[in-house]
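Fold and contact review
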Amino acid sequence: MFLQQLVTGISIGGIYALLATGYSLIYSLLDFSNWSHGEFAMIGAYVAIVCANMLGLPFFVAALAGVLGGACISFLSERFAYRRIRRTGAPNMFLMIAAMGLSNVFQQVALLIFSGQYRSYNFRLPVSTIRIGGAYLGVLDFISLIITTVVLIFLIFLINKTKFGLDVRAIACNANAARVLGVRVDQSIATVFLLAGSLAGTAGILYGMKYNVFPTMGNVGLKAFIASVIGGLGSVPGAIVGAVLLGVLETFVSAYISSILRDFVSFALV
C-alpha cells in the first residue's frame, strides 16, 4: 500500500513539475506569476482531444499536436500581451492582471466550444497494473513517470549545458547587463514561453489521460504554483522538488487521512 501510494504521488508530482518549472522559468525572467499558465495545459489537452477523437489521428501525432498547441498559445500570449506591457515600462502588477484576464478568456472560450462536458481520449488506456511485492502499481502511472522524468532531465540539461540556458540565466541575473553583452533578451524570453507552453501542453495531456479533459482543468496550475513556491520561485530544481513533495503529500493525505483535506493541506502550505 505504501509503495503504491508513493509511486502514484511521484507520478502526480511529475505532472505538477512540468507546470511548476514553466512558472519558475517565466518568474525568473520577468518577476511575475503567469496565472494563465495552467490554461496552456488545458489548451494542449483539448488540441489532442480534437486531433485524436474528431480527426482520427494516431494518439502520438495528436499528443505532439497538443504539445505544440500549448507552446504556440504561450508564445502568442507573450508576443501580443506581455511584451507590449513590458515595453511601456508598466509595473509587473500589470502583467499579472493581463495574465488573469487571459486565463479567464481561455476558460470561457473552451466552455463555449466544448461546453462543460468531461471528455476522455478515445483509445484504450493502459489501466492494468503491475504487481511488485505486495503492491499493485498502475501502468499509466509508470508511463507518466517515465515521460515526465525524461522531459525534466532534458530541461535541466537545456538550462545548464547550452548557450540558450546560459542566456536565460544571464537575463535572470540582470536583463540590462545581458542585453549590453549581446544577449537577445526578447528572443530568449519568447523562447522560454515556447518552452514553458510545451511543458504545460505535455502536462495537460498526461493529466487528461489520468483523469479527464474539461474547461477548468487549468486550475491545476494553482498546484504547480504552490510547488514552485515551496521550491523557491525562480528555481527550476526547486520547482521539481516542490512538485514531487506536493504530489506525494496530497496522495498520502488522501489515502491515510481524508481526500476532503487534500486541497486544504496543499493551500495551507502557501
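Quick notes on the rules
Residues numbered from 1 in each chain as written. Predicted model: local features only at pLDDT ≥ 70, side-chain atom pairs only at ≥ 80, totals over all residues. Heavy atoms only, no water. Helix = DSSP H or I, 4+ residues; strand = E, 2+ residues; numbered from the N terminus. Buried < 20%, exposed > 50% of the residue type's maximum accessible area, 1.4 Å probe, protein only. Contact = heavy atoms within 4.5 Å. Expected span 1.5 Å × (residues − 1). 1 Å grid on protein atoms, 1.4 Å probe; cavity = no way out; pocket = protein on both sides within 12 Å on 5 of 7 lines; lining within 4 Å. Points joined across faces, edges and corners; volume = space filled by probe spheres on them. Nonpolar A, V, L, I, M, F, W, Y, C, P; charged D, E, K, R; others polar. Core = buried A, V, L, I, M, F, W, Y, C linked by side-chain atoms within 4.5 Å. Salt bridge = Lys/Arg side-chain N within 4 Å of Asp/Glu carboxyl O.

Mapped onto the secondary structure, L233 falls in the loop between helix 9 (221-231) and helix 10 (236-256). For L233, a relative accessible area of 33% puts it in the partly exposed group. Separated by 208 residues in sequence, L233 and L25 place their C-alpha atoms 8.8 Å apart. The residues contacting L233, other than those within four sequence positions of it, are Y27, F225 and S228.

The first and last C-alpha atoms of helix 8 (residues 185-210) sit 37 Å apart over 26 residues, in line with the 38 Å expected at 1.5 Å per residue. Summarising burial for helix 8: 21 of the 26 residues are buried, a large majority.

Approximately 400 Å³ is the volume found for the largest pocket. Lining of the largest pocket is provided by 21 residues; of these, Y16, Y207, K223, R262 and D263 occupy positions nearest its centre. Put simply, the parts of the chain that give the lining of the largest pocket at least two residues each are helix 1 (2-30), helix 9, helix 10 and helix 11 (262-269). Per-element tally for the lining of the largest pocket: the top contributor is helix 10, with four residues. When its residues are assigned to classes, the lining of the largest pocket shows 11 nonpolar, six polar and four charged. Volume-wise, the second largest pocket comes out at about 320 Å³. A63, L64, V67, I147 and T202 are the residues nearest the centre of the second largest pocket, which is lined by 13 residues in total. Looking at the lining of the second largest pocket, the elements that each hand over two or more residues are helix 3 (59-87), helix 5 (139-161) and helix 8. The greatest single-element share of the lining of the second largest pocket, amounting to five residues, is contributed by helix 3. Residue composition of the lining of the second largest pocket, grouped by class: 12 nonpolar, one polar and no charged.

If you look at the biggest cluster of nonpolar residues, it comprises 70 residues, and the most contacted ones within it are Y82, Y121 and L155. Looking at which element gives the most residues to this core, the answer is helix 8, with 13 residues. Apart from the residues lying within four places of it in its own chain, the contact partners of Y121 are A45, A48, I49, N53, F59, I205, G208, M209 and V213.

Time to look at the pattern of salt bridges. Note that side chains of opposite charge can pair when their charged atoms are close. One pass over the structure, following the stated rule, counts eight salt bridges. Residues D263 and K223 are paired through a salt bridge, measuring 2.9 Å at the closest nitrogen-oxygen approach. Of this pair, D263 sits in helix 11 while K223 sits in helix 9, and the two are 40 residues apart along the sequence. Residue classification places K223 among the buried positions, given a relative accessible area of 9%. The salt bridge involving R262 is made with D263; its shortest N-O contact spans 3.5 Å. Residue R262 is classed as partly exposed on the basis of its relative accessible area of 32%. Take D263: its relative accessible area is 31%, and that puts it in the partly exposed class. Each member of the salt-bridge network shares a partner with another, and the members are E78, R83, R86, R87 and D186.

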